[in-house]
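Structural features, examined
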Amino acid sequence: MKQIAILGSTGSIGCNTLRVVNAFKGEFGVAALGAGSNVELMAEQVEQYCPRVVSVSDEESAEKLRYELKRRGVSSPAIGVGVDGLCEVATCDGVRIVIGAVVGALGLLPTYRALELGRRVALANKETLVVAGELMTRAAEKSGAELLPVDSEHNALHQCLRGEKRREVKRLILTASGGPFRNSSKEEIENATTAQALNHPTWRMGAKITIDSATMMNKGLEVIEARWLFNASADEIDILVHPQSVVHSMIELVDGSIIAQMGVTDMRHAIQYALTYPDRHPAELPPLDLATLSKLEFFTPDTEKFPCITLAYDALRRGGTMPAVLNAANEVAVAAFLDGKIKFGDIPRLIRAACEAHTPQTASNLDSVLAADRWARDWVERKIGAQEQFPFNSSFASATPPASK
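Small disclaimer: the values here were computed from a predicted structure and weren't measured.

It is worth spelling out the pairing of strand β4 (residues 78–81) at this point. Pairing geometry for strand β3 (residues 53–56) and β4, over 4 bridges, is parallel. Directly across from serine 55, in β4, lies its bridge partner glycine 80. For the segment spanning β3, helix α3 (residues 59–72) and β4, crossover handedness is right-handed.

What follows covers the pairing of strand β9 (residues 237–241). Of all 5 residues that make up β9, 5 are buried, and the element is covered over most of its length. Burial along β9 is two-sided: Ile237, Ile239 and Val241 and Asp238 and Leu240, pointing in opposite directions, are all buried. Relative to β9, strand β8 (residues 169–176) runs parallel, the two being bridged by 5 bridges. If you follow threonine 175 over to β9, its bridge partner there is leucine 240.

Remark: helix α6 (residues 126–143) packs on helix α14 (residues 322–338), axes separated minimally by 7 Å, with the N-to-C direction vectors making an angle of 140 degrees. Of the possible angle classes, the one that applies to α6 and α14 is oblique. Residues Glu127, Val130 and Val131 of α6 lie in contact with α14, whose contacting residues are Pro323, Ala324, Asn327 and Glu331. A per-class count over the contact of α6 with α14 returns 4 nonpolar, 1 polar and 2 charged.

Okay, the sheet that holds β3 next. Here 7 strands make up an open sheet; going across it, the order is β4-β3-β2-β1-β5-β6-β7 and the pairing parallel. Among the strands making up the open sheet, the edge pair consists of β4 and β7 (147–149). Adjacent strand axes in the sheet meet at a mean angle of 25 degrees when their direction is disregarded. Pairing of strand β2 (residues 28–34) with β3 involves 3 bridges; the strand directions are parallel. Considered in β3, the bridge of alanine 32 is made with valine 53.

Here is what the cut-offs are and how they apply
Residues numbered from 1 in each chain as written. Predicted model: local features only at pLDDT ≥ 70, side-chain atom pairs only at ≥ 80, totals over all residues. Heavy atoms only, no water. Pairing = 2+ DSSP bridges. Helix = DSSP H or I, 4+ residues; strand = E, 2+ residues; numbered from the N terminus. Right-handed = clockwise from strand over helix to strand, strands pointing away. Buried < 20%, exposed > 50% of the residue type's maximum accessible area, 1.4 Å probe, protein only. Axes fitted to C-alpha atoms, helices over the stretch in contact; angles between N-to-C directions. Parallel < 35°, antiparallel > 145°, perpendicular 65-115°, else oblique. Contact = heavy atoms within 4.5 Å. Nonpolar A, V, L, I, M, F, W, Y, C, P; charged D, E, K, R; others polar.

This is a description of form; function is not addressed.
So, in C-alpha cells, the structure goes:
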C-alpha cells in the first residue's frame, strides 16, 4: 500500500481525502495525521486508520487526545504538537504522499520538509506557494519530489496541460465563482456582515477561505500559486468569473484553441487525481450531466469592487518577500473581520497599506520569508489595535491592472 500523511486531517480536505482512501481499500495506508484542536474527530480518525504518528495544535490538545483514546480503548500513536508535530507527520518513515491541507502559513515548514525528502506533495494550501513558491519549487527540483495541486482550479490546469507543449500555451485561465458579492454594489460590499460574507453560493468551506472568496483574494492567491506550479508569468495568468462553477479552469493555446476541465463541484475528484496520478480510476462521484446545464457564463472580474485581485498581481510582480506580506496581512485582516474588529471593506485597505509599508527583500531562504510574514502580522495587528481610521494614504497597486487578455 502507498502510505500517506495528511496535514489538516480534520478539515474539509483532510476528511475528503480519507473518504477517497476508503473508496480505494487496500491501495492506501494512513501513516500519519496532523490536525489542530478538534480532538474528538482526531480520536475517531486514529481509531479507524491506526496512524503511527499524529500531531495536534498544543500540549493541552495532546493530553485531551491521550485521554480520549484511552477512554475508547485505542492505543495511542506518537503525538507531536504545533509546527514541529506537523513536520513529524510530513516526514514520517515510509510515507510516499503528503496531503498539505492545513490553513495558512502554518503549512510552510512541514511542506518544505516533505519536498526535501522527495515525497509527492498534494497541495491544497495556497499560502505555501504564495509565501515561498520559489523555495518550494527549488526544493522539489533538487530532490525529485512531485508537487501536485489539489485546489480545484490548479488541479484543472494540471489536467488541461497534460500532453501539451508548454511553449504552445498562451495563457492559463483561472475561473472564479464570484463569491457571494458578485452582483453587489461597492457600498454593499463595504459594509457586508459576517453572515453575508460567509454565505458562499457554490462551495462549503472553512471560514477563512470563504472570506477570501468573498473578497476574491483567494483568486489573487491562486494567481501567485499558478505562477510557481506552472512556471508562468503574471501576464500569462488570467481570471474569469464563472458563476456556475462547472468549468474549473482553462488554458488557451497559441492557435486560439481553448481546453477546459469540467466536472461536478466535489473536492474528492481533485484529491483522487493527486493520489492516483498519472493513472485515472473510476470515482465514487456522479458524472457531470451536460444535458442539465442551461448555461455557462463568463465575466471579467470587477477589480474596482474587488481590489484584492489587483493587490495580488502587484505583489507577484514585485516579488521577493512581498507575496509573503500580502498573505500575512490578509490572514490577520480576515481574522479581525471575523472577530468583529474591522469592517469587510477594511480588509483590502489593510493589505494595501501593509504592502505599501514593506520594502521587499530577496526571498533567499525560509528565514527571510518567515521574517516578512512575522513583520506583516505584527504591523497589521498594531494598526488594528490602535483603531486607526481606514483607508490609509497609500498608492500601492493603485494603477496596476490584472494580467492582460
